[in-house]
Amino acid sequence: MATVLSSAISQHKHLCGVCLAVLAAIGFSAKAILVKFSYVDSVDAVTLLTLRMLFAAPFFLLTALRYGWRRQAEPISAADHVKLLGLGLLGFYLSSLFDFIGLQFISAGLERLILFLYPTLVLLLSAILLRKPLRRRHLIALATSYAGIILVFVRQIDMQPAGLWQGAAWVFASTLTYSLYLIGTGELVKRVGAARFTTYAMLVACVATVLQFVLTHPPQLLLEVPTRVHRLAVLMALFSTVLPGFMLSASIGLIGSGRTAMIGSVGPVATLIMAYALLDEPMGWLQSVGAGLVLAGVLSLTRKSADE
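Thresholds applied
- Residues numbered from 1 in each chain as written.
- Predicted model: local features only at pLDDT ≥ 70, side-chain atom pairs only at ≥ 80, totals over all residues.
- Heavy atoms only, no water.
- Helix = DSSP H or I, 4+ residues; strand = E, 2+ residues; numbered from the N terminus.
- Rg over C-alpha atoms; globule rule 2.2 N^0.38 Å.
- Buried < 20%, exposed > 50% of the residue type's maximum accessible area, 1.4 Å probe, protein only.
- Areas by Shrake-Rupley, 256 points an atom, 1.4 Å probe, with all protein chains shown as cover.
- Lys, Arg positive; Asp, Glu negative; His and termini not counted.
- Charge placed at Lys NZ, Arg CZ, Asp CG, Glu CD.
- Core = buried A, V, L, I, M, F, W, Y, C linked by side-chain atoms within 4.5 Å.
- Contact = heavy atoms within 4.5 Å.
- Disulfide = S-S within 2.5 Å.
- Phe/Tyr/Trp six-rings, centres within 6.5 Å; stacked < 30°, edge-to-face > 60°.
- Expected span 1.5 Å × (residues − 1).

**A closer look at the overall build of the protein chain**
1) Next: Of regular secondary structure, the protein chain possesses 13 helices and zero strands.
2) Next: Going residue by residue from the N terminus, the α and β elements of the protein chain occur as α-α-α-α-α-α-α-α-α-α-α-α-α.
3) Next: For 308 residues, the compact-globule formula gives about 19 Å, and the C-alpha radius of gyration of the protein chain, at 20 Å, lands near that figure.
4) Next: Projected onto the principal axes, the alpha-carbon positions of the protein chain cover approximately 60 × 50 × 45 Å.
5) Next: Put simply, the protein chain has 308 residues, and 46% of those count as buried.
6) Next: Carbon together with sulfur atoms contributes 69% to the accessible area of the protein chain, which is approximately 15300 Å² in total.
7) Next: Here the protein chain holds 23 positive side-chain charges and 13 negative ones, and the gap between their average locations is 11 Å.

**Here we look at the nonpolar core**
1) Next: Counting 49 residues, the largest nonpolar core has Val35, Tyr39, Leu48, Phe100 and Phe197 as its most contacted members.
2) Next: Among the elements of the structure, helix 1 (2–39), helix 2 (45–69), helix 3 (78–102), helix 7 (164–192), helix 8 (194–216), helix 10 (227–255) and helix 12 (266–278) are those that each provide at least two residues to this core.
3) Next: Each residue touching valine 35, except ones within four places of it in the same chain, is listed here: Leu48, Phe100, Leu103 and Met236.
4) Next: Formed by 18 residues, the second largest nonpolar core is a distinct cluster that contains Leu117, Val152, Phe153 and Val171.

**Brief notes about the state of the cysteines**
1) Next: The full count for this structure, using the stated rule, is zero disulfides.
2) Next: The structure places no disulfide on cysteine 16, whose sulfur is separated from the nearest cysteine sulfur, that of cysteine 19, by 6.6 Å.
3) Next: Judged by its relative accessible area of 29%, cysteine 16 is partly exposed.

**Some words on the packing of aromatic side chains**
1) Next: Counted by the stated rule, this structure contains seven aromatic pairs.
2) Next: Pairing phenylalanine 153 with tryptophan 165 gives two aromatic rings, centres 4.7 Å apart and planes at 70 degrees, and the pair type is edge-to-face. Residue phenylalanine 153 is located in helix 6 (residues 136–159), and its partner tryptophan 165 is located in helix 7; the two are separated by 12 residues in the primary sequence.
3) Next: Residue classification places phenylalanine 153 among the buried positions, given a relative accessible area of 12%.
4) Next: Residue tryptophan 165 is classed as exposed on the basis of its relative accessible area, which comes to 61%.
5) Next: Here a set of aromatic residues connected by ring pairs shows up, and it is made of Phe92, Tyr118, Tyr178, Tyr181 and Phe197.

**Regarding unusual backbone geometry**
1) Next: Not every positive phi belongs to a glycine, and serine 42 is a case in point at roughly 60 degrees.
2) Next: We note that aspartate 280 has phi near 60 degrees; this positive angle belongs to a residue other than glycine.
3) Next: With respect to the helices and strands, the residue aspartate 280 is situated in the loop between helix 12 and helix 13 (285–307).
4) Next: Overall, aspartate 280 belongs to the exposed group, its relative accessible area being 67%.

**Considering the side chain of serine 174**
1) Next: Relative to the assigned elements, serine 174 resides in helix 7.
2) Next: Here serine 174 falls in the buried class, since its relative accessible area comes to 1%.
3) Next: When residues no more than four places from it in sequence are discounted, the contact partners of serine 174 are Ser95, Phe98, Asp99 and Leu115.

**As for the environment of serine 95**
1) Next: Structurally, serine 95 can be placed in helix 3.
2) Next: For serine 95, the contacting residues outside a window of four places in its chain are Leu90, Ser174, Thr177 and Tyr178.

**Here's the deal with helix 12**
Two residues of an α-helix separated by three or four positions point the same way, owing to the 3.6 residues in each turn.
1) Next: Relative to the 18 Å expected for 13 residues at 1.5 Å per residue, helix 12 spans 18 Å between its end C-alpha atoms, a close match to the ideal helical length.
2) Next: What helix 12 keeps buried is the set Gly267, Pro268, Ala270, Thr271, Leu272, Met274 and Ala275.
3) Next: Aspartate 280, located one to two residues past helix 12, shows a positive phi value of around 60 degrees.

Below, the structure written as structure tokens:
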């Protein structure tokens, strides 16, 4: 009886973990759609990012205070505080800023596919910086992923040549900074805890974003943007930032980081479908094949990483 009950509880946890991972992936993917809708009102990237961070900050602040009130929470050393500051600026401030700038020029579908390349960059950077060997299967996965991006990119050149290279470069820079952030987390996440680490790093990004806005824009601009942009920024903060972040952490706790990462592959697919349905972005056979190659290459890397 105890074995049956334990098995049922385990299956329930696994199902909850899978559902949370799927919802998190869809939530993160919806961000590009909401950004594209916001740009219709001619708001710039820094202003939109600032609104998103301001609406998300109270939730992360409350979470940070909760960790501060918990007596059993391990104190964070001065050295770890410095690392948290640097990684927050790299992974959530610069990466988000570059992504928002890039979305001014390229489609939401292409943006999500480029962002989804981050496991390949982590692999390459680990080989360069940490001297980790590249095996034959790694090279095949890399070739498959980037062949897919080239197919999608070639099609985009035919449809939207203006600003395409610039936008793709910005989003690739976002992917690169996020990959560097992932490499730098390592032991720090184990010491601090994934949810706690993400909370503090996001607060660092919120402060940095607001400082940039204050130094480059008149503060009253935040009140002058259309009400529609405020509503979209609230949706972005809640359903594409705060909730997916916590759901992702909970999913990792229930089914592990490897399985959660593999389930995250629904993200680009969700973005392509939403972009097709809501933004009228074309989704021809060439884009579909290219997206499939990207997903196949990245998934092969993720699956191996989960098994190893």
